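The chain contents come next:
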Amino acid sequence: MASLNDYLLVSGLLFAAGLAGVVIRRNIIVVFMCLELMLSAANLSLIAFSRFNTTGGLPDPDGQMLVFFVITVAAAEVAVGLAIIVSLYRARQTIHTDELTSLRG
Amino acid sequence: MNQAWILLFLPLAVAAASLLLPRRTALVPWLATASAAATLVLSLHLVGSTGTASFDWASVGGLHLRVGILLDRLSTGMMVVVTGVGVLVHVFSLAYMRDDAAKARYFTCLQLFMFSMTGIVLASDFIMTFIFWELVGLSSYLLIGHWFEKTSAADAAKKAFLCNRVGDFGFLTGILLLWSITGTLAFSSMDVPTSVSASLVTASLLCIFCGAIGKSAQLPLHVWLPDAMEGPTPVSALIHAATMVAAGVYMLFRLQLSLGAEVFGGLAGDVIAWTGGLTALAAALMAVQQDDIKRVLAYSTLSQLGYMVMAVGLAAGEAGMFHLFTHAWFKALLFLGAGAVIHACHHEQDIWKLGGLMRRMPVTGATFLAGCAALIAVPFTSGFFSKELILDAARGHQPVLFWIAVAVAVLTPFYMTRLVIVAFFGGSRSDAASHAREVGPLMAVPLLVLAVPALIAGNRIAHGFAPAVPERAGEFHLNSLFWISVAALVAGSGAAILLYRGKSRDPLSIPLLRERFYIDRFYDRFIVRHLQDSAAAIVHFLDEWIINGLLVDGCSRAAASFGGLLRRMQSGHLQGHAFAFGLGVLLVIYFTVFF
Amino acid sequence: MPLPLFWLFSTIVLTGAAGVIAFRNPVSSALSVVACFVGLAGLFIGLGAFFVGIIQILVYTGAVMVLFLFIIMLLDLKDEVKRGRSNTPLLAGLALSALFAIQLAGVLSRMPDRAAPPLDPPALAAAASNHKPGGGIATALNEGRLPDTRLIGHALFTRYNFPLQVLGVLLLVGTAGVVALSRKQA
């Protein structure tokens, strides 16, 4: 049986991979996917905590509930985010982050 | 006592009210004149009363700064002079300044001056004297610079103020020295303990005398007074002839009363007397070669102030104050007369462009002659009695000073006769003079009123109003002194009549005197220019480097560079932000878990 | 969950994540994400979270990633051009992840490890006493099954009812926002 730390390690590595992707990749859609990876890493931790902290002999439903909410919010976020990307592409004909520097101070 | 407080604060209240009144109203001049008249009535009512009242204004340790009023013969008599001349000058100004745009400011300043001068006269405490001393300096500055659009007027105001500052520095030092000696600043309880060394007392007296040098325009700080003639002529009459410049003499005599005349016996007295005597002589010499009617009178004022200071230095303060009393009337009369002439001749002040005014302006001419007679000490005029007493005091103490004083007594009739002959007799030498007309009643009445005390103030009937009356005042003896002064008078005016009668150009030309012994030029070249240059350099340095460079530009540059630093962070690169964010997360974890 | 299965799914997850970063073609990245999420769903199910695991497949892998792919195709994105100037972002990203991994190892080594509590039939039967006897949850527990969906549903509609409604509003707002955003600008 895998222990809690094993799951947390996998979760942390997934998060690190997502973070690295956000920093490295320039395609804003891929960056967005990496954000989803990071969210999922958090989800994995939550599910692991739920399983390893039983309440009344059963996995804690609160952790799973949180994951459920995260997935829902993430779905909404993806919808809005992708819509923003589409209109951004319409406006600028690019979705490469190093060409989107109008926030430069 | 309440009347005294009203006397002190009424002009201040009027000045404050004048500031609040709308600028265009014609009310301010009349209000100020009414206030001056009210103060005259109060002063006359207070004559002869004595008393003192004061309250603590501030206390620092053992040093109590008190504001108070000291009523005695000296202060009440001086108040009569101040308010008497003051009200006549106010009335005269009503006409003289009728067409001035800044009339309201003028009268407000006049009231401020009346307040300050009253404060000096009534002060019961040396610190209060000093405060009002500075206030008269300020109002004098404001009034000299009344026509500040003229560069010369603005410069003259600055010069007067700065010269006074030089003297006042010594004055304040002297006051503090005196406080350390006597332990009090109140005039009524001042006493020099016998344990104090004489040199310390002398030092403090000389420091205080510095204040008088500045205010009463003695050598070597006399240079501001002739320039102060840039101010309106009634101001010259009130401030720069009758009252403020006499404040130095008044203050010295007040000190002499408090400390006792014997304190002035040593070195301090000698220095004061010699300064006064030399000023009297130098100013009289300079007056001989001046062409500006007001400047002649200004140097004459310097010379007469020198007489008074000399008298105080000779421990004969009563004689000095008596001369101050008489001088105030006739010199105010002369200045107002000059003002009337200037007014009638469209601001022509060069006596060589006047002439023949006696026929066209009989009232002005006659009163001017009366004032002139008093100044040159024609027997039985007011100046005759007071000058005689000073000469008498000088003869008793310092024979050299006596002969200097006699020389001044020769020079005074000389330059005054020159002035009268050139300006009032002969033919008119310019259009302005030939079209001059007699002035209106608002100007003529003050002249006529002033002519009375100018002639009789030395006689016994006026002694009740005098701030101080020496023992033999008003007496007349056919002694050697009388003959000396009559000889001086005849010599001086006779020489002037012979020399200037019927002349249209100055037959005498003495560059040394015309250029006023080159003192102004010397100051200008060696002190003012250097000071100005170094001050300008310092100011420039402060302005350019400290204020502009360090504070203003420094602040903006610091903000800009800091902003640039932050700006570098706002690269607009998403990745950069994400990286920073990731680092931040790492740091947060590090600090929460490992730290 | 047996250890080999854990390692298998973990490998799928991490490989998929690495693929997201490594592939230059966005479509390949998206498919890597799908693989990653499938592995993640396996881990979820192995942890006894059957419902969430299935949701992960249905919502994430099915809906969300299809949406991603749809957008990628719609925009007709080319391969990411190789970075010409510098490798700084690459190095920074790798360094950041490495640091993060090191820190993670540090944190985990300090934490007391724990094994999973048993979820075998006796333990489930023992837990049945906390639930309404004769109810669906208790019945399933007594039968030795974990009624995961029932438990979540129970929690969702009792204690989490209000957040659920808020979530509904959020989705509504999101929908409206998307419509507003994707309208053609006049």
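For the structure, see preceding data.
No experiment lies behind these values; they were computed from the predicted model shown.

Rules behind the numbers
Residues numbered from 1 in each chain as written. Chains lettered and ligands numbered in written order. Predicted model: local features only at pLDDT ≥ 70, side-chain atom pairs only at ≥ 80, totals over all residues. Heavy atoms only, no water. Buried < 20%, exposed > 50% of the residue type's maximum accessible area, 1.4 Å probe, protein only. Helix = DSSP H or I, 4+ residues; strand = E, 2+ residues; numbered from the N terminus. Pairing = 2+ DSSP bridges. Contact = heavy atoms within 4.5 Å. Buried area = accessible area lost by both parts, 1.4 Å probe. Salt bridge = Lys/Arg side-chain N within 4 Å of Asp/Glu carboxyl O. Polar contact = N/O pair within 3.5 Å; in protein donor to acceptor, adjacent residues only side chain to side chain. Phe/Tyr/Trp six-rings, centres within 6.5 Å; stacked < 30°, edge-to-face > 60°. Lys NZ or Arg CZ within 6 Å of the ring centre and 35° of its normal.

Chemist: How should I be thinking about the pairing of strand β2 (residues 63-71) of chain B in this particular structure?
Modeler: Consecutive side chains of a regular strand alternate in pointing toward one face of the sheet and then the other. The buried fraction of β2(B) amounts to 7 of the 9 residues, a majority that puts the element mostly inside the structure. Linkage of strand β1 (residues 51-60) of chain B to β2(B), two consecutive antiparallel strands, is achieved through a turn of 2 residues, within which G61(B) is found at a positive phi near 60 degrees.

Chemist: Hey, could you run me through the interface of chain A and chain C in this one?
Modeler: Size of an interface: often given as the accessible area lost when the parts come together. Every contact between the two is made by 72 residues of chain A and, on the other side, 87 residues of chain C. A buried area of about 7,200 Å², summed over both sides, lies between chain A and chain C, and 76% of it is on carbon and sulfur atoms. Counting every contact that joins chain A to chain C gives 1 salt bridge. One salt bridge in this structure joins R159(C) and D62(A), with 3.1 Å as the shortest N-O distance. At the junction of chain A with chain C, the criterion picks out 14 residue pairs in polar contact (both at pLDDT 80 or more). Broken down by secondary-structure element, the contributors of at least two residues to the side of chain A that touches chain C are α1 (4-24), α2 (28-52), β2 (58-59) and α3 (61-92) of chain A. Counting residues per element, the side of chain A that touches chain C draws most heavily on α3(A), which supplies 24 residues.

Chemist: Just to check I follow, could you spell out the packing of aromatic side chains for this structure?
Modeler: Each aromatic ring pair is described using two quantities: the centre-to-centre distance and the angle formed by the ring planes. All names here are of chain B. What the rule picks out here adds up to 32 aromatic pairs over all chains. For the pair F325 and W329, a centre-to-centre distance of 6.2 Å together with 85 degrees between the ring planes defines the contact as edge-to-face. With a gap of 4 residues between them, F325 and W329 both fall in helix α13 (residues 317-344), about one helical turn apart. According to the relative accessible area criterion, F325 is buried, its value standing at 2%. Exposure remark for W329: the relative accessible area of 8% places this residue in the buried category. Here the aromatic cluster, defined as three or more aromatic residues joined through ring pairs, consists of W5, F9, F55, F115 and F132. In this structure, R254 is placed above the aromatic ring of F187, and the distance from its NZ or CZ to the ring centre is 5.8 Å. Positioned above the aromatic ring of F402 is the side chain of R395, whose terminal nitrogen or guanidinium carbon lies 5.8 Å from the ring centre.

Chemist: What is the right way to read unusual backbone geometry from this model?
Modeler: The bulk of non-glycine residues show a negative phi, and the bulk of peptide bonds are trans. Residues and elements named next belong to chain B. Here the bond from L219 into P220 is cis, since omega is 0 degrees, no more than 30 degrees from zero. Structurally, the position occupied by P220 is in the loop between α7 (198-215) and α8 (224-227). One non-glycine residue with positive phi stands out, namely A217, at about 55 degrees. Within the fold, A217 resides in the loop between α7 and α8. Backbone geometry at F380 places phi at a positive 75 degrees, although glycine is not the residue there. By the secondary structure assignment, F380 is in the loop between α15 (362-375) and α16 (382-397).

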